[in-house]
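Residues per chain, in single letters:
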Amino acid sequence: MKILDPADAPAVPVRTESPFPPARRAHRGSRSRLRWLAASAAALFAAAVLSTCIGGQPSSLQEVWHALFTPDGSVMDVTVRELRWPRTVLAVCAGVCLGLAGALIQGHTRNPVADPGLLGINQGAALAIVAVTALAGEVPALTQALLAFVGALAASILVFAIGSAARHGATPVTLVLAGAAVTALCSGLVAGIVLLNDQALETLRFWQVGSLAGRSDVLAVIWPFICLGAVLALLNIRSLNALALGADTAVALGISVFGARAAGIAAVTLLAGSAVTMAGPIAFAGLLVPHITRALTGPDYRWLIPLSAVTGATLLLLADTAGRVIARPGELSVGVVLAVVGAPFFVHLARRRRLATL
């Protein structure tokens, strides 16, 4: 029997895949994400039009156009220019803040059920409001909003300081634990103050509803904080993509983990604090938006962050408009509408095993 030398064996052609199909797939993925972004922008425009047209007395597109660009002082012109349009702009700004803050906090804590309130922002704002009300009496709405912003900032700074004091620094676990501790502390102090002061209780009850009505004046004061928070969120995109691979991998890629988390928490603080200032403690928006956008674009934060901003604004506008339609001639606050929508989603999220981690 003749033994063949392996060198004499006929060469078997080896199929090598061309580098072009993966490139085409990546291109198709980018085009798909661009289509989702364009569709979300169109949905935001449509939601803004609905918000401007729908109210106690519905108005047509022609009436809205007339009120915005060629007003003559009629009742509908005043209604659109003085009430509906400022409320629409406020809803867009608050939704952008909540969407960005939700995406950032879930990325930095690697927690799929995290929302901006995890850092004690809502309870810190509530504590500032009830403490000043108990000491100085009733305060104007603008002062109350600014107190909420200061309280939110103070609570977030305290959470990050406590989380950073741990041996390994501000890790997702230490931030979550510090946020839970600060939230519990602020909640206890708020409960103690409102039990002893009826006026503080009434102020807290009004503020906790979470509404966009009558709060448009505050936007002229806090817009620089919104812009700074949005810039920090955009600058944090590369770090978030690296941190999603693990802290060790991020360090190997040249990312400062502490610096990235500090910038991310600063952005969350500014954005969520601004949202609380504008609309009160609106629940579930920061939780819902990142999951909706992640289902559309995947985990890449280059797309997740901008789409979260657009989706957050659209969601808040639709919820506010639905509240005006459901309870005519009155209205349901946007916080109530989002809670009704968000609770079933939260249950659905808890039942999905593959979303247990990020």
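By convention here, each chain's residues receive numbers from 1 onward along its written sequence. pLDDT decides what is reported in this predicted model: residues at 70 or higher carry local features, side-chain atom pairs at 80 or more are listed and counted, and totals for whole chains, interfaces and linings draw on all residues regardless. Hydrogens and water molecules were not included; the side-chain quantities draw on all heavy atoms of the structure.

(A) Region of the structure containing the overall build of the protein chain. Comment: elements are numbered from the N terminus, with helices defined as DSSP H or I runs of at least four residues and strands as E runs of at least two. The number of helices and strands found in the protein chain is 14 helices and 0 strands. Going from N to C terminus, the protein chain has its helices and strands arranged as α-α-α-α-α-α-α-α-α-α-α-α-α-α. Within the protein chain, the fraction of its 358 residues that count as buried is 46%. When checking whether two residues touch, look at their non-hydrogen atoms; a contact exists if any pair is within 4.5 Å. At a minimum sequence separation of 6, the contacts of the protein chain that also span at least 24 residues come to 74%. Residue exposure ignores everything except the shown protein chains as possible cover, and the areas themselves are Shrake-Rupley values with a 1.4 Å probe. As presented, the protein chain carries roughly 18,200 Å² of accessible surface, and 68% of it is formed by carbon and sulfur atoms. Partly exposed describes any residue whose relative accessible area lies between the buried limit of under 20% and the exposed limit of over 50%, with all areas from a 1.4 Å probe on protein chains only and scaled to the type maximum.

(B) Examining the confidence of the model for the protein chain more closely. The pLDDT score gives, residue by residue, the confidence of the prediction method on a 0 to 100 scale. Confidence in the prediction for the protein chain averages 83 pLDDT; 89% of positions are at 70 or higher. This stretch, residues 11-21, has a pLDDT under 50; its non-local contacts, to residues over four places away or in other chains, come to 0 contacts.

(C) Broad picture of helix H11 (residues 257-279). By definition here, a helix of n residues has an expected span of 1.5 Å times n minus one. With 23 residues, H11 should cover 33 Å at 1.5 Å per step; its first-to-last C-alpha distance of 32 Å lies within 8% of that length. Of all 23 residues in H11, 18 are buried; the element is thus mostly enclosed. Looking one or two residues past H11, Gly 280 carries a phi angle of roughly 80°, positive in sign.

(D) Summary view of the packing of helix H6 (residues 172-196) against helix H7 (residues 198-207). For helices, the axis comes from a line fit to the C-alpha atoms of the stretch in contact; other axes are also lines fit to C-alpha atoms, and the angle between any two N-to-C directions lies between 0 and 180 degrees. Taken N-terminus to C-terminus, the directions of H6 and H7 make an angle of 125°; their axes are 5 Å apart at the nearest point. Viewed along their axes, H6 and H7 adopt a mutual orientation that is oblique. Where H6 abuts H7, its residues Val 190, Ile 193, Val 194 and Leu 196 lie against Asp 198, Ala 200, Leu 201 and Leu 204. Each residue is assigned to one class: nonpolar for Ala, Val, Leu, Ile, Met, Phe, Trp, Tyr, Cys and Pro, charged for Asp, Glu, Lys and Arg, and polar for all the others, Gly among them. Within the contact of H6 with H7, the residues separate by chemical class into 7 nonpolar, no polar and 1 charged. Relative orientations are named as follows: roughly parallel for angles under 35 degrees, roughly antiparallel for angles over 145 degrees, roughly perpendicular for angles from 65 to 115 degrees, and oblique for any other angle.

(E) Inspection of helix H5 (residues 141-164) at higher detail. The terminal C-alpha atoms of H5 lie 35 Å apart, and with 24 residues this matches the ideal 34 Å at 1.5 Å per residue to within 8%. Within H5, burial applies to Gln 144, Ala 145, Leu 147, Ala 148, Phe 149, Gly 151, Ala 152, Ala 155, Ser 156, Val 159, Phe 160 and Gly 163. Of the surrounding secondary structure, the elements contacted by the buried residues of H5 are helix H4 (121-136), H6, H7, helix H8 (219-235) and H11.

(F) Broad picture of the pattern of salt bridges. Any Lys or Arg side-chain nitrogen found within 4 Å of a carboxyl oxygen on Asp or Glu counts as a salt bridge. Enumeration according to the criterion identifies 4 salt bridges in this entry. A salt bridge links Arg 87 to Asp 320, with the shortest nitrogen-to-oxygen separation between them at 2.7 Å. Here Asp 320 lies in helix H13 (residues 301-326) and Arg 87 lies in helix H3 (residues 75-109), a separation of 233 residues in the sequence. For the pair formed by Arg 87 and Asp 320, the shared burial category is buried. It is possible to trace a salt-bridge network through shared partners that takes in Arg 87, Asp 320, Arg 324 and Glu 331.

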